[in-house]
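One letter stands for each residue in the lines below.
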Amino acid sequence: MSKGKSGNSRLWPILGLTMLLCTALMLVGFAAALRDAWFPSRGIAVPEASEPPKAAEGGLADKPQWLVAALGDSLTRGTGDETGEGYVKRTVALLKEASGKPVKLVNNLAVNGLTAIRLSDQLEQRGVQQAVAQADIVLLTIGGNDLFQIAQSGGSIAEGRDVSPELLERLIPQTEPLLDEIFEKLRRINPNARIVYVGLYNPFYDMEQARSMSAHILDWNDYAHRLAAADGNATVVPTYDLFESNVKAYLSSDHFHPNAKGYERIAARIVQSLE
Amino acid sequence: MANLLALIHNETIKVWRKKRFAVVALVLIVLIPVFVYAQMKIAQNNASKFADWRSELQQRITDNTNALSSERIPEEWKRWRRALVQQLQYYLDHDVNPNTPNAVTFTSSFLENSVSLFIPLMVLAVASDLVSAERSTGTIKMLLTRPVRRWRILLSKWVTLILYVSLIVVATVALAYLISGLAFGYEGWGEPVFVGFEPQGSDIELGAVHAVTRGAYLLMEMGLVWFSALVVATIALMVSVLLRSTAASLVTMMAAVISGMILANMASSWHSAKYLFNVNLDLTVYLQGTPPPIEGMTLGFSLAVLGVWGAAALATAFAVFTKQDILA
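- Going by the annotation in an unreviewed UniProt entry, the name recorded for chain B is ABC transporter permease, with Cohnella xylanilytica given as the source organism.

- Chain A appears in an unreviewed UniProt entry as GDSL family lipase from Cohnella xylanilytica.

**Thoughts on the sheet that holds strand 5 (residues 234–237) of chain A**
All names here are of chain A.
Reasoning step 1: Overall, parallel pairing links the 5 strands, which are arranged 2-1-3-4-5 in an open sheet. At either end of the open sheet lies a strand with only one pairing partner, and these are strand 2 (103–108) and strand 5. Pairwise comparison of adjacent strand axes, ignoring direction, gives a mean angle of 20° for this sheet.
Reasoning step 2: Where strand 3 (residues 137–141) lies against strand 4 (residues 194–198), 4 bridges are found, and the strand directions are parallel. Bridge pairing in strand 4 places L140 opposite Y197.
Reasoning step 3: Lying over the sheet, helix 3 (residues 86–99) contacts strand 1 (66–72), strand 2, strand 3 and strand 4, oriented at roughly 165° with respect to strand 2.
Reasoning step 4: Sitting on the sheet, helix 11 (residues 260–274) touches strand 3, strand 4 and strand 5, and the angle it makes with strand 4 is about 145°.

**Concerning the interface of chain A and chain B**
When the parts of a complex come together, some accessible area is lost, and that lost area is often taken as the interface size.
Reasoning step 1: Opposite the 49 residues of chain A that make contact, chain B presents 53 residues.
Reasoning step 2: At the boundary of chain A with chain B, the tally comes to 1 salt bridge.
Reasoning step 3: Across the pair B:D63 and A:R77 runs a salt bridge, and its minimum N-O distance is 2.7 Å.
Reasoning step 4: Linking chain A with chain B are 11 residue pairs in polar contact (both at pLDDT 80 or more).
Reasoning step 5: Only helix 1 (8–38), strand 2 and helix 5 (126–133) of chain A provide two or more residues apiece to the side of chain A that touches chain B.
Reasoning step 6: The element best represented in the side of chain A that touches chain B is helix 1 of chain A, accounting for 21 residues.
Reasoning step 7: Tallied by class, residues from the side of chain A that touches chain B come to 28 nonpolar, 14 polar and 7 charged.

The rules behind the values
- Residues numbered from 1 in each chain as written.
- Chains lettered and ligands numbered in written order.
- Predicted model: local features only at pLDDT ≥ 70, side-chain atom pairs only at ≥ 80, totals over all residues.
- Heavy atoms only, no water.
- Pairing = 2+ DSSP bridges.
- Helix = DSSP H or I, 4+ residues; strand = E, 2+ residues; numbered from the N terminus.
- Axes fitted to C-alpha atoms, helices over the stretch in contact; angles between N-to-C directions.
- Contact = heavy atoms within 4.5 Å.
- Salt bridge = Lys/Arg side-chain N within 4 Å of Asp/Glu carboxyl O.
- Polar contact = N/O pair within 3.5 Å; in protein donor to acceptor, adjacent residues only side chain to side chain.
- Nonpolar A, V, L, I, M, F, W, Y, C, P; charged D, E, K, R; others polar.

What follows is the structure in structure tokens.
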């Protein structure tokens, strides 16, 4: 059948046999896939999880390098920052400059719209615990989504309609125990890290009917500060004053999240608190 | 039987002479290094940014969770992402790295990405002119004037096609492994991979999840890719019989394959699309445990759809080929 050129006599046996073996292999693979899907075996054993690295004891000043983990809501995520840096990356860069030490971000685990109860759940996850456990500094924002209903609807504001000081007053006592819980869990995961809680600000300070909210926000920050003082190795960084005199310049167009300049100022505050 | 074997021998050598397989191999040798390079850059970038794979994986989970909170993302994409997050979380909880950079992992993901377009394309290079080329060169008359039954001729062509499809899938895997191994190292066969994730609505059922080795996973993947490539090849054979022109049959098949890929990405609301063969080509999704293109599709369903299409194409090809008028 072949056209009788020399070399063909060897091509067919080699090619034919190779193809036959390939086909057999494919049939085996196909059968294995079906068997695994329909009659699953117990599977192979997975090696035991290794112990994740833990942060060293001692004060920040004694450590040769700092690892940073960030947790919380959209503020930690950096929502509203047109450069995408947020306060976390800026803080890391500024800390590197100020301390002269290598500073590295382990993870930014912030999730947009995260509420205190969800953060508390998140702290039960293995990956989150691993990140927090090895951090020397834990940056944290939480509570904004619990206290400002408007933040939950994506942060768009309808002329201050959703802004209500009375509601805020009611929500604060409900949320405070959750903050307790979060501090407690963080400490259990990592006894040595410096916890930095970035306080809340009033994004509606420029609106007449919302100005009175500031008092409640200060109450909340004050509560966080008492928690931090009781902990001994935690700091609350105030931000409320940054967004009072010139709201437009430091808030992004959603009128809720800071813009790049706003985040820059928050980062500067955090670095000052750690120096 | 000897007669049939001789015919297959003849067909195999003919395809080889036309250098079809050489083209396929050449395309692979040019393409794979490009992907290896891209993958290497990603691995280097991750290594410089993250302390270890765990924090990288955790960041992937967090980033996908964030995308889920966006209102702008369509519900089908969220379904896919939610499944991904749950899978990654499962890997992290069991301290298993889903993406160790090695040649076996690379080969697996190369196969997953090429199943719906690249492999069918390679197969079409062989399948599309198996019959029509004989017609355009006129050799079909010579072939059919022999004292051989027509169905035997077509059968020999189909068997040849199966052999070449197997060769193409194995060659793709072998080349991907050999080339990527230069960059990533040749280990990784024994590492664990989780299979058995069952997408249920917007959730993933974890009850049947178990670990297999990467080697076994790759073999299963090859088997599934091979089956869908075989169906594409069979349908291409039918089109080649019906349309009589190589260019026309190639274009028809490519249009079918490409539209299938687009449909699989966007037609999840059009439920009856799941009966089209081209939406079912990516059988590896069932092994990976990612949600199928259209809700309600399962491995059994896709295999049945592909099987029916393949059988119908084969029957049509035989019916037409044995009765067709060849004088033209």
